[in-house]
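Structural overview
If you want the building blocks of each chain, they are given just below.
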Amino acid sequence: MNSQSEILENLINNISKLPGIGKKSARRIAYHLINTSKDNALNTANSIIEARERLGLCIECFNLSEDKLCNICSDPLRNRDIILVIENFHDLYLFEKLKIHKGLYHVLGGLLSPLDGIGPGTLRLNELLNRIRMNNTSELIIGLNHSVEGDSTALYISNMLKDISIKITRLASGIPVGGEIEYTDEITLKQAFENRK
Amino acid sequence: MKLNKLILDNFRNYNDLDITFDKDVVCFTGLNGQGKTNLIEAISVLGLLNSFRTNNYDEMKKFGEEYFFISGEFTDKNDNRLSIKISYSDKKKKVTFQDKKILKFSDFWGNIPIVYLIPDESVITTGPPLERRKFVDKLLSMIDREYFSLLKNYSKIIKQKNKILFDLKKENSFQTEMIDVYNDQIVLYGSKLFEKRVEFLKGFEKFFKDILIFISDGLFGGSISYSSEMDQKSYSSDLREKLSVNKRTEVYRGLSIIGPHKDDLIFDINGNDLRKYGSKGQHKLFLVALKLSEIKYIKSITDEYPVFLLDDLYSEIDEKKSAKIAKILDEDIQTFITTSNSGIIKQFDQNNTKIFNVINGAVNLV
């Protein structure tokens, strides 16, 4: 161990804290950062600093944003009557790439799971309620996973809004495109049948 | 389903064992502690990916060794070869089925149906309701993927709700928003579980009644009924009602006490509750009949007989009854029996029987 540079060890340690990166990959990445041109490596480092210093959360929808309001919330062409609730930034990115949703978003920051210490207070549910009240939102699309946690969160949101006049819809579940009926599990097949159109 | 070949490497007290089976009745005899049960344990792990003795794969490793490996070659009723290999080292399990790695164990479940009867299972008839639910849940999970998935989700919902109730009790507060969320889901999943269990019982009980009468020589008639705090004619609405009424009690207890995870089966023998009034012999016979019915039921649903593993049962059952059991099993059902009394094997068709003697991890044809 002592034969190793402490600086290198430190770098490997920090890289291995990234999600999905083990000790071995961390070591490979560290070697790469040292072997590559100095500019390359410093660009990476600067991007991290810049992202951390200049990116914050949109005060409306909690999307990542450089300004108080994100690009979506400040876009006058977006339909402000419809809000799509999603779990995290990544889901927002996926929906935006599709360009199918013309309304706004609301990033919850997780799904209800008491076992993991995530209760209603941990998520941005009050913020959602306030937004809907303030803006007279007409439709809420729930774009959450069809898992126990996703279903619980969806139910909680529906219950929370039961005294407010708003249309609430949920993403349909069913057979994936290119999926074969033969290999679709029974529950999904049933749901696909019941939600057919 | 038939097991043709079994290979064990560092499994329990076996160094390396390679054994082939060409008969439907396979008997392992030998003194206690020689490794008879280890053999049928290995077979059960091949089909179910867990052991009836332990949830810890480390315990199955030969003492002092780094890994274990087991493999089995089966043939199904259409003579298709099925090959399963399980290896375990460094706390990692690797399962391959038909030379493809199994990533999700639940995807494999049910491919190689196994039914076992081991002495520990006497708790099914004598023990608390949990044991009878486990009996049904395990059986249905093996043959009904939707049931397995419902049960998995339902258990998760109960765990999440228990955490809420536990926290509310600790904080001495009564906020019901989160309870409502989980209660809605308990109604949804719980009623489906109930429906599936009742539907199962209807089919299962037919086999069971006939088998119990047959093996008891007409002495015992039996029945199985579903027991629940809910009104079974309107289970779903009654469940919703009871969940709502009992919110405070559940918070007070800090535990989820309403739902199909509290339901039970009532076993009746000659009109009496077996659990309260049954003799030791009646319990034993009831259990045997349950297991034999399990075999017949699986066959009726999947069109494939499971492999049957019998651990040390015959020690307490008289010859006449064991002859009847043998008669039921003589129907193309591969049966592995461990016993210290090889005389028992006389009951089976001798042309279809093979006896192995097990001595300290060595298995030899008698």
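Remember, predicted model here, so these are calculated numbers, not experimental data.

Calculation criteria
- Residues numbered from 1 in each chain as written.
- Chains lettered and ligands numbered in written order.
- Predicted model: local features only at pLDDT ≥ 70, side-chain atom pairs only at ≥ 80, totals over all residues.
- Heavy atoms only, no water.
- Helix = DSSP H or I, 4+ residues; strand = E, 2+ residues; numbered from the N terminus.
- Contact = heavy atoms within 4.5 Å.
- Pairing = 2+ DSSP bridges.
- Axes fitted to C-alpha atoms, helices over the stretch in contact; angles between N-to-C directions.
- Domains from an automatic or database assignment.
- Salt bridge = Lys/Arg side-chain N within 4 Å of Asp/Glu carboxyl O.

The next point concerns the side chain of serine 106 of chain B. Here serine 106 of chain B is to be found in helix H2 (residues 105-108). For serine 106 of chain B, the residues in contact, after removing those within four places along its chain, are Arg145 and Phe148 of chain B.

Before going further, it helps to examine the sheet that holds strand E3 (residues 82-86) of chain A. All names here are of chain A. With respect to topology, four strands assemble into an open sheet ordered E4-E3-E5-E6, the strand pairing being parallel. Every other strand in the sheet has two partners, leaving strand E4 (104-107) and strand E6 (167-170) as the edge strands with one partner each. In this sheet, neighbouring strand axes are inclined to one another by 25 degrees on average, regardless of whether the strands run parallel or antiparallel. Looking at chain direction, E3 and strand E5 (residues 139-142) are connected through four bridges and run parallel. Residue pairing for E5: isoleucine 82 is matched across the bridge by glutamate 139. On the sheet, helix H4 (residues 89-98) packs against E3 and E4 and is oriented at approximately 160 degrees with respect to E4. Of the strands in this sheet, E3, E4 and E5 are in contact with helix H5 (residues 125-135), which crosses E4 at around 155 degrees.

Right, let's get into the domain arrangement of chain B. All names here are of chain B. In terms of domain boundaries, chain B breaks down into domain 1 (1-113 + 304-366) and domain 2 (126-290). One C-alpha centre belongs to domain 1, the other to domain 2; they are set 31 Å apart. Each side of the interface is counted separately: domain 1 has 16 residues, and domain 2 has 13 residues. Applying the counting rule to domain 1 against domain 2 returns two salt bridges. The shortest N-O distance in the salt bridge between lysine 324 and aspartate 217 comes to 2.8 Å.

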